Amino acid sequence: MSEVLKVEDMSVTFDLHDSEVHAVREMNFTLAEGETLAVVGESGSGKSQAFLSIMGLLAKNGRATGRAVMGDVDLIGMAPKQLDIYRGKDIAMIFQDPMTSLNPTLRVKTQLAEVLVTHRNFDKQAAIKTSIEMLERVGIPEPVKRANAYPHELSGGMRQRVMIAMSLLCQPKILIADEPTTALDVTVQAQMLDLFKKLTEDFGTALVLITHDLGVVAGIADRMMVMYGGRAVETGKTDDLFYDPRHPYTLGLLHSTPHIAKRTARLDPIQGLPPSLEHLPQGCSFNPRCAFAFDRCHAERPPLTEAGEGRQKACFYEGAMKYGEVA
Amino acid sequence: MLGYALRRVLSAIPIALIAVTVCFFVLRLAPGGPFDGERALPPTVLANLRAHYNLDQPLVVQYLIYIWRLLQGDLGPSMVIDGFNVSQLISIGFPFTLTVAMSAFVIATVIGVIAGMIAAVNQNKWPDYVLVLVVMLGVVIPNFLMAALLQLWFGVYLGWLPAGGWVAGSIPHLVLPVTVLAWPHAARISRLMRGSMIEVLGTNFVRTARSKGLGQRLVLARHAIKPALLPVVSYLGPGMSYLLTGSLAVEQIFGLPGIGKYFVTAALNRDYGVVLGTTILYMFIILALNLIVDLVYAWLDPKVRYR
Ligand SMILES: Nc1ncnc2c1ncn2[C@@H]1O[C@H](COP(=O)(O)OP(=O)(O)OP(=O)(O)O)[C@@H](O)[C@H]1O
Ligand SMILES: [Mg+2]
């Protein structure tokens, strides 16, 4: 399979009044055509900022360095005008909060159709017609009526379906979904994930699914990337990471998730708090919370290196890890 | 939408009645009367005059007479300017005042909205700082001082524009008065627009619009301006009433033949009919403006529309 996105040494930095915050550091990963990559990690680990930077949507005080090559163009540092050729067409994004992500003053059909008018030179009528077909495709009942509605007339789940329809109008190569189901209730979540799976398969779209929820990952992702303190700490096939985690943080995550920790009667959250990005510990960022940390972990930062077939980890510890040893 | 408008009109009626009542009695609380001239009138003449204008009746009766006539669209006579009734005076002066105020309103609103947008998009860059300066001048300098400064500079020193007075149909005579009126209005609107635009540019839905690759122009024109206009629109009603009242003073300063002339003299002479009539006219205009503003608001914000 060929790759649709290759990210190299990507970092994201925010300028504050008298300091800076490194939200993402030296990320390297590839995204293959049509695959689903889950990005997991605690709140503040840099998941959203990493992908917002690829979309050129960082806040004003943020800047990105490195490369994010899609096809033959590097999206990092590209002028907004240039980016607009690709955004919405080859790479699209869905956001966490469907309640605020649609424009309250415009009809649903207007917000959908403009994508086709902008990128595909559709005339307005044809664009609306295609938009309505897409609404039907994402499982919206009475799509004509919904197309004429304003966002506040739709439920949260319905709005997120609208967002999905909108993002897929141009059949993008890459779809980034940033916690697309977090704001929805559980029954709707499952439907939404099925929809993602089905549509991205139909369109051959590669899906980046940013989430806290490992249950979601298990059902849908081919590969996963675990982030901690702005860095990727482990990547690999979902099954491999689930059944044989090689990074203590991944192990901890698995055991603090209800469905996956079936073997234990109780949940064990990872001890301690996520690190403050401004005061990362010396050596490995995870060392203060790690049960396996030894001298080297406090002195040096482990790089992300090959750790078996198709997987990588950033950890010096090579021994066996049994749950329960996690402090 | 029509039902909404109708409900609003109906709900304005009691407000209007209360306002008229308050105006009527407050005006009578002021000391003096229309016939207290420098030279006292002979008692018999005075008595006749007072009887003619019903001023000899108890206040409540006068009030009822006034309301009764008002309902028939009669604003009554002027007590000071002989031979004119209030409606005539208004129809002479008000069109001019309205023209000046409306010109200032339209110019100031357009400039204010555009300037606010430019400042918001260039937040903390030089266009933003220039705007802050210009706005400050407009808000800080009172209109009589602003008028004097402009008259001096453009009228006397540069001689580009007439410093005052009126020649029928002459636009140059209107430039300075309209500027004096429009400046603070434009300043306030641009402040409002800047603030709400900055807020809107930071919203999730603008981020969504950007993520669709619509381009800066479409993002601003279609996605940002409409919601950003909401607070501006709610200001326009009160804004227009500031302009209409401000116009009274500005007309005096520039010697323009608007309603200001009559209103100021009438207030000084206790010409009850003229003062009340003008006040009532203004009140109706303000009520109407607020209604229009609410309708525009409903059009801008679909969430309001169905209430
Ligand atoms: N405009 C900004 N200025 C300064 N710091 C920022 C800014 N935006 C984000 N950050 C910081 O970047 C870090 C990473 O944020 P990010 O949104 O990527 O977290 P996340 O992994 O997506 O978390 P969550 O799961 O809560 O969404 C956070 O610590 C946040 O405080
Ligand atoms: Mg996030």
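Conventions adopted
- Residues numbered from 1 in each chain as written.
- Chains lettered and ligands numbered in written order.
- Predicted model: local features only at pLDDT ≥ 70, side-chain atom pairs only at ≥ 80, totals over all residues.
- Heavy atoms only, no water.
- UniProt positions renumbered as here; feature names shortened; annotations may be inferred.
- Near = heavy atom within 4 Å.
- Polar contact = N/O pair within 3.5 Å; in protein donor to acceptor, adjacent residues only side chain to side chain.
- Helix = DSSP H or I, 4+ residues; strand = E, 2+ residues; numbered from the N terminus.
- Nonpolar A, V, L, I, M, F, W, Y, C, P; charged D, E, K, R; others polar.
- 1 Å grid on protein atoms, 1.4 Å probe; cavity = no way out; pocket = protein on both sides within 12 Å on 5 of 7 lines; lining within 4 Å.
- Points joined across faces, edges and corners; volume = space filled by probe spheres on them.

An unreviewed UniProt entry lists chain B under the name ABC transporter permease subunit, with Devosia rhodophyticola as the source organism. Under the Subcellular location (unreviewed entry) heading, UniProt states for chain B: "Cell membrane".

Chain A carries the name ABC transporter ATP-binding protein in an unreviewed UniProt entry, which gives Devosia rhodophyticola as its organism. According to the UniProt record, the Sequence similarities (unreviewed entry) comment for chain A is "Belongs to the ABC transporter superfamily." Taken from UniProt, the Subcellular location (unreviewed entry) comment for chain A reads in full: "Cell inner membrane".

1. Topic: the site of ligand 1
Residue and element names in this part refer to chain A. Around ligand 1 sit 16 residues, and of these Ser43, Gly44, Lys47, Ser48 and Gln49 come closest. Taking Ser45, its main chain carries an N or O atom lying 3.2 Å from an oxygen atom of ligand 1. One nitrogen or oxygen atom from the side chain of Ser48 is found 2.6 Å from an oxygen atom belonging to ligand 1. Here the shell around ligand 1 gets three residues from one element, more than from any other, and that element is helix α1 (residues 47-54). Tallied by class, residues from the shell around ligand 1 come to five nonpolar, eight polar and three charged.

2. Side note on the layout of surface pockets
Here the idea is plain: a probe the size of a water molecule rolls over the atoms and shows the empty space left. Approximately 1,200 Å³ is the volume attributed to the largest pocket. In this structure, the largest pocket is lined by 36 residues; those nearest its centre are Gly56, Leu58, Lys60 and Pro80 of chain A together with Arg210 of chain B. Contributing elements (two or more residues each) for the lining of the largest pocket: α1, β4 (62-70) and α2 (80-86) of chain A together with α4 (86-121), α7 (172-201), α8 (204-211) and α9 (216-254) of chain B. Examining the composition of the lining of the largest pocket, we find that four residues originate from one element, α2 of chain A, more than from any other. Class assignment for the residues of the lining of the largest pocket results in 16 nonpolar, eleven polar and nine charged. Reported here for the second largest pocket is a volume of approximately 370 Å³. Ala12, Ile13, Ala16, Phe284 and Leu287 of chain B are, among the 17 residues lining the second largest pocket, the residues nearest its centre. Of all the secondary structure elements, the ones that give two or more residues to the lining of the second largest pocket are α1 (2-29), α3 (59-71) and α11 (272-300) of chain B. For the lining of the second largest pocket, the class distribution of residues is 14 nonpolar, two polar and one charged.

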